[in-house]
Amino acid sequence: MSPIPGSGLAKGLAVTLRTMTRKTVTAQYPEVQPELPPRTRGVIGLFEENCTVCMLCARECPDWCIYIDSHKETVPPAAPGGRERSRNVLDRFAIDFSLCMYCGICIEVCPFDALFWSPEFEYAETDIHELTHERDKLRAWMWTVPEPPALDPHAEEPKELAAARKAAEKAAAAQAEAETAARGQAQEGQQ
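Residues numbered from 1 in each chain as written. Predicted model: local features only at pLDDT ≥ 70, side-chain atom pairs only at ≥ 80, totals over all residues. Heavy atoms only, no water.

### Points about the side chain of Ser 118
1) Next: Checked against the element boundaries, Ser 118 lands in strand 4 (residues 115–118).
2) Next: Leave out the neighbours within four places in its chain, and Ser 118 touches Thr 40, Arg 41, Gly 42, Val 43, Trp 141, Thr 144 and Val 145. (Helix = DSSP H or I, 4+ residues; strand = E, 2+ residues; numbered from the N terminus. Contact = heavy atoms within 4.5 Å.)

Here it is in structure tokens:
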């Protein structure tokens with residue numbers, strides 16, 4: 001059985017009439033920022049203090065878009081009679097986002113948590129050469145990285161937080177003791 005002539009046109013017009021009566025859902029992008037999912041892959045941020053220049057991220061990158069330069073420095077012994085140690089010092093850390101395919105392998109393989117995803121996505125440039133972000137720009141992206149999800153409330157406190165809390169309490173106690181001693185000396189001087 002052949003279709004009735006003009007039935008396709010009638011169906012198309014029916015769809016048009018139905019959608020004409022609905023309110024539009026267009027988001028006015030520059031004025032209204034989109035709500036992004038929590039694990040959005042925008043740009044990569046560098047936490048430079050954690051980077052040990054192990055080069056794992058650069059070796060594992062399938063696009064070879066991570067550039068790292070470093071040099072070795074000699075560190076004096078920690079204790080008397082110890083031996084000097086050498087350590088790598090980061091000179092250059094750059095990511096070419098014109099080559100990056102945002103796979104996240106560099107973030108996953110980093111053993112020292114120096115790389116993080118930031119949900120920022122507005123970093124378009126007019127020149128492709130400016131898409132190579134050096135370490136100062138990558139460090140600036142670090143401030144846009146969201147807080148990690150909350151831990152299980154019944155889990156024990158991480159060792160790093162416990163050590164930091166103990167060090168802060170010890171420093172606060174030493175400062176309070178020094179202030180008390182200073183007040184005591186000031187009172188004795190007045191008498």
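### Brief notes about the environment of Leu 13
1) Next: When you line up the elements, Leu 13 lands in helix 1 (residues 7–20).
2) Next: Between the C-alpha atoms of Leu 13 and Leu 56, which are 43 residues apart in sequence, the distance is 59 Å.

### A short note on the packing of aromatic side chains
1) Next: Per the counting criterion, the structure on display carries five aromatic pairs.
2) Next: Both rings, one in Tyr 123 and one in Trp 141, keep their centres 5.8 Å apart while their planes meet at 70°; by these two values the pair is edge-to-face. One end of the pair, Tyr 123, is in the loop between strand 4 and strand 5 (132–133); the other, Trp 141, is in helix 4 (residues 135–141), and 18 residues separate them in sequence. The burial state of Tyr 123 is the same as that of Trp 141; both residues are buried. (Phe/Tyr/Trp six-rings, centres within 6.5 Å; stacked < 30°, edge-to-face > 60°. Buried < 20%, exposed > 50% of the residue type's maximum accessible area, 1.4 Å probe, protein only.)

### Focus on the sheet that holds strand 5
1) Next: Spatial ordering of the open sheet is given by 2-3-5, a layout of three strands whose pairing is antiparallel. Lying at the two open borders of the sheet, with one neighbouring strand each, are strand 2 (66–75) and strand 5.
2) Next: Both strand 3 (residues 85–96) and strand 5 contribute to a ladder of two bridges, which runs antiparallel. Bridging across to strand 5, Ile 95 finds its partner in His 133. (Pairing = 2+ DSSP bridges.)

### Examining the pattern of salt bridges
1) Next: Across all of its chains, the model carries six salt bridges by this definition.
2) Next: A salt bridge links Glu 73 to Arg 87, with the shortest nitrogen-to-oxygen separation between them at 3.9 Å. One end of the pair, Glu 73, is in strand 2; the other, Arg 87, is in strand 3, and 14 residues separate them in sequence.
3) Next: Note on Glu 73: relative accessible area 36%, which makes it partly exposed.
4) Next: Among the charged side chains, a network of salt bridges with common partners joins Glu 48, Glu 49, Arg 135 and Arg 139. (Salt bridge = Lys/Arg side-chain N within 4 Å of Asp/Glu carboxyl O.)

### As for the side chain of His 133
1) Next: If you trace the backbone, His 133 turns up in strand 5.
2) Next: Of note is the side chain of His 133, whose polar atom sits 3.2 Å from the side chain of Trp 141.
3) Next: If sequence neighbours within four positions are ignored, His 133 has contacts with Val 43, Phe 93, Ala 94, Ile 95, Phe 97, Tyr 123, Leu 138 and Trp 141. (Polar contact = N/O pair within 3.5 Å; in protein donor to acceptor, adjacent residues only side chain to side chain.)

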